[in-house]
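Residue strings, one per chain:
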Amino acid sequence: MKDQFLVRGLAGRKILRGELPVRGAKNDVLKAMAAAILFEDSLGIGNVPAIEDVGRTAELLSGLGASVERRRREVRIDARGISRTDLDPEIATRLRASIVLTGPLLARFKSVALPHPGGDVIGPRPIDLFLKGFRKMGASVEARGKRYALAAPRSGLAAADIFFEFVSVTATETLMLAATAARGRTTLRNAALEPEIPHLAAFLNASGARIRGAGTSTITIDGPTPLRSRGKIYRTLPDRIEAGSFLILAALAGDEIEITRCNPEHIRILVELLAASGVPLEIRPRAVAVVGNGRKRNADFAGFNIRTHEYPGFPTDLQAIAAVYLTQVKSDNVIFETIFENRFAYANDLVKMGADITVWDPQRIAVKGPTPLSGRELEGPDIRAGLAYLVAAIVADGPSVINNVYHIDRGYERIEERLAAVGAPVIRVAHP
Ligand code: EPZ
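Note that this is a predicted model, so its numbers are computed, not measured.

1. A word on the overall build of the protein
Stage number 1. The helix and strand inventory of the protein stands at 14 helices and 23 strands.
Stage number 2. Taken against the 2.2 N^0.38 rule, which gives 22 Å for 432 residues, the C-alpha radius of gyration of the protein at 22 Å falls within 12% of a compact globule.
Stage number 3. Overall, the C-alpha framework of the protein stretches about 65 × 45 × 40 Å when taken along its three principal axes.
Stage number 4. Of all 432 residues assigned to the protein, the portion counted as buried reaches 59%.
Stage number 5. A separation threshold of at least 6 residues defines the contact pool for the protein, and within that pool the share at least 24 residues apart is 73%.
Stage number 6. For the protein, the accessible area works out to roughly 16100 Å², and carbon and sulfur atoms hold 51% of it.
Stage number 7. Each charge class in the protein can be summarised by its mean position, and for the 57 positive and 48 negative side chains these summaries are 4 Å apart.

See the structure below:
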């Protein structure tokens, strides 16, 4: 599917009005789908976004023999039918989240085979932390070229004390899941703090797990504990990255926009930075809004420096779209990307649109603004840069074409429909 988005730029006019509802979080729902492998009964997951990565993960699970039923915004997974544990490489290499399936498969079925996981090309994205953790839990790891075969002892995984040299979101989640079925007390140190992690842990505990400290840098998991949902539905968290992206679009091109069904606390750092920048915004229960913004000039907003950081710091997934914001305001600022090695692939295209961006090194760029942007043909290199291009095209003067929007559809549900509903001039051209 090589669909395109056609965008007629607003040339800086701030006319978007209405409600932008936020969907369930990609980086929450995919982990809940992986967790379903551990459950002795079926697991229902709610507030599921209609995004490509959910489809891919459903295909991986059903390819293993699990039953996966999708109804509107709910997915029900029953892992009791799983009869194989080798992940389909054609699918698993398309999304990083496939790696999270390895913990539950190894823990429950004592084996898993996987390709090196794929997903966004924002760095080498090694999996050494996963393999080291599994080895410490007693698993054997055999690397065969770009594939890995992992096997647990007949007696199953044993608890371990694991210190992550890097804070890793999916390594924390994957080993936390595996540890619920390991014998004894596992301790994860230097664990990630992202809100999706305590949210998942709380549901696991309500289903029989004994996890403490999720949301802090030290998590303990006592196992083995059988997990049963007993009909409880896992409610996927609102997507904080989508909420933050909508807030930046609203700041640049919105007059009166309310971003609903979100948790403003999960994007606190962005809210603080945009408020300090001069954006007239209001925090409401489960919503954040820009009000009376149409008469504000972007050139009067102040820029700010960004240093991406693990939660609750500035999310690396909002870095590209924040760069678009800085091109439109009074900025002479630096973005320092501390998490990934190659996350500025978008800079060159923004420069071709008219931005003043200097790439100092693979992890730092300088952005000077305001500079007008002109529409052009674009293709986003990853999910988040794809959305940044869409926002840049909406703000720009003149038409833009964004190619291969599969990247954007991986993480954002029918984004053009929701943006068009508030007046953004975006249409999809389907190329089945
Ligand atoms: C998760 O990726 C998210 N993806 C990413 O979102 C997000 O950018 C990232 O966390 C950071 O917040 C999912 O949850 C599916 P990491 P993850 O492991 O877990 C290094 C998006 O657009 N590392 O926290 O893969 C790694 O290279 C995506 O939704 C190792 O060295 O990121 C990176 O430099 C993009 N060895 C750092 O740790 C390992 O074994 C943090 O990566 C694992 C990671």
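2. What to know about the packing of helix 8 (residues 240-253) against helix 12 (residues 383-395)
Stage number 1. Viewed as axis vectors pointing N to C, helix 8 and helix 12 meet at an angle of 15 degrees, and their least axial separation amounts to 10 Å. Of the possible angle classes, the one that applies to helix 8 and helix 12 is roughly parallel. Judged by the twist between their axes, the crossing of helix 8 over helix 12 is right-handed. Judged by residue contacts, I241, S245, L249, L252 and A253 of helix 8 engage R384, L387, V391, I394 and V395 from helix 12.

3. Notes on the layout of surface pockets
Stage number 1. Volume-wise, the largest pocket comes out at about 990 Å³.
Stage number 2. Taken together, 42 residues line the largest pocket, and the ones lying closest to its centre are R125, S168, V169, I339 and F340.
Stage number 3. Listed by contribution, the elements that provide at least two residues to the lining of the largest pocket are helix 1 (26-35), helix 5 (128-136), helix 6 (169-179), helix 8 and helix 12.
Stage number 4. Classifying every residue of the lining of the largest pocket gives 17 nonpolar, nine polar and 16 charged.

4. Considering the sheet that holds strand 13 (residues 233-235)
Stage number 1. In spatial order, the strands read 4-5-3-13; together these four strands make up an open sheet with mixed pairing. Strand pairing shows two members of the sheet lacking a second neighbour, strand 4 (67-71) and strand 13, which therefore form its edges. Taking each pair of neighbouring strands and ignoring which way they run, the sheet shows an average axis angle of 20 degrees.
Stage number 2. Both strand 4 and strand 5 (residues 74-78) contribute to a ladder of five bridges, which runs antiparallel. Residue pairing across strands places R71 opposite E74, the latter belonging to strand 5.

5. Quick look at the side chain of D409
Stage number 1. Its place among the elements puts D409 in helix 13 (residues 406-411).
Stage number 2. A polar side-chain atom of D409 sits 2.8 Å from a polar atom in the side chain of R428.

6. Points about the pattern of salt bridges
Stage number 1. For the structure on display, the rule yields 35 salt bridges.
Stage number 2. Across the salt bridge formed by R56 and E59, the nearest N and O atoms sit 2.9 Å from each other. Taken as a pair, R56 and E59 lie in helix 2 (residues 52-64) at a separation of three residues, close to a single helical turn.
Stage number 3. The buried category is assigned to R56, whose relative accessible area is 10%.
Stage number 4. Salt-bridge contacts for K368 lead to D332; the nearest nitrogen and oxygen are separated by 3.8 Å. With K368 in strand 20 (residues 364-368) and D332 in strand 18 (residues 332-336), the pair connects residues that are 36 residues apart, well separated along the chain.
Stage number 5. Taken together, the shared-partner salt bridges connect R23, R73, E413, R414 and E417 into one network.

Parameters and conventions
- Residues numbered from 1 in each chain as written.
- Predicted model: local features only at pLDDT ≥ 70, side-chain atom pairs only at ≥ 80, totals over all residues.
- Heavy atoms only, no water.
- Helix = DSSP H or I, 4+ residues; strand = E, 2+ residues; numbered from the N terminus.
- Rg over C-alpha atoms; globule rule 2.2 N^0.38 Å.
- Buried < 20%, exposed > 50% of the residue type's maximum accessible area, 1.4 Å probe, protein only.
- Contact = heavy atoms within 4.5 Å.
- Areas by Shrake-Rupley, 256 points an atom, 1.4 Å probe, with all protein chains shown as cover.
- Lys, Arg positive; Asp, Glu negative; His and termini not counted.
- Charge placed at Lys NZ, Arg CZ, Asp CG, Glu CD.
- Axes fitted to C-alpha atoms, helices over the stretch in contact; angles between N-to-C directions.
- Parallel < 35°, antiparallel > 145°, perpendicular 65-115°, else oblique.
- Left-handed = near helix turned anticlockwise from the far one by under 90°.
- 1 Å grid on protein atoms, 1.4 Å probe; cavity = no way out; pocket = protein on both sides within 12 Å on 5 of 7 lines; lining within 4 Å.
- Points joined across faces, edges and corners; volume = space filled by probe spheres on them.
- Nonpolar A, V, L, I, M, F, W, Y, C, P; charged D, E, K, R; others polar.
- Pairing = 2+ DSSP bridges.
- Polar contact = N/O pair within 3.5 Å; in protein donor to acceptor, adjacent residues only side chain to side chain.
- Salt bridge = Lys/Arg side-chain N within 4 Å of Asp/Glu carboxyl O.

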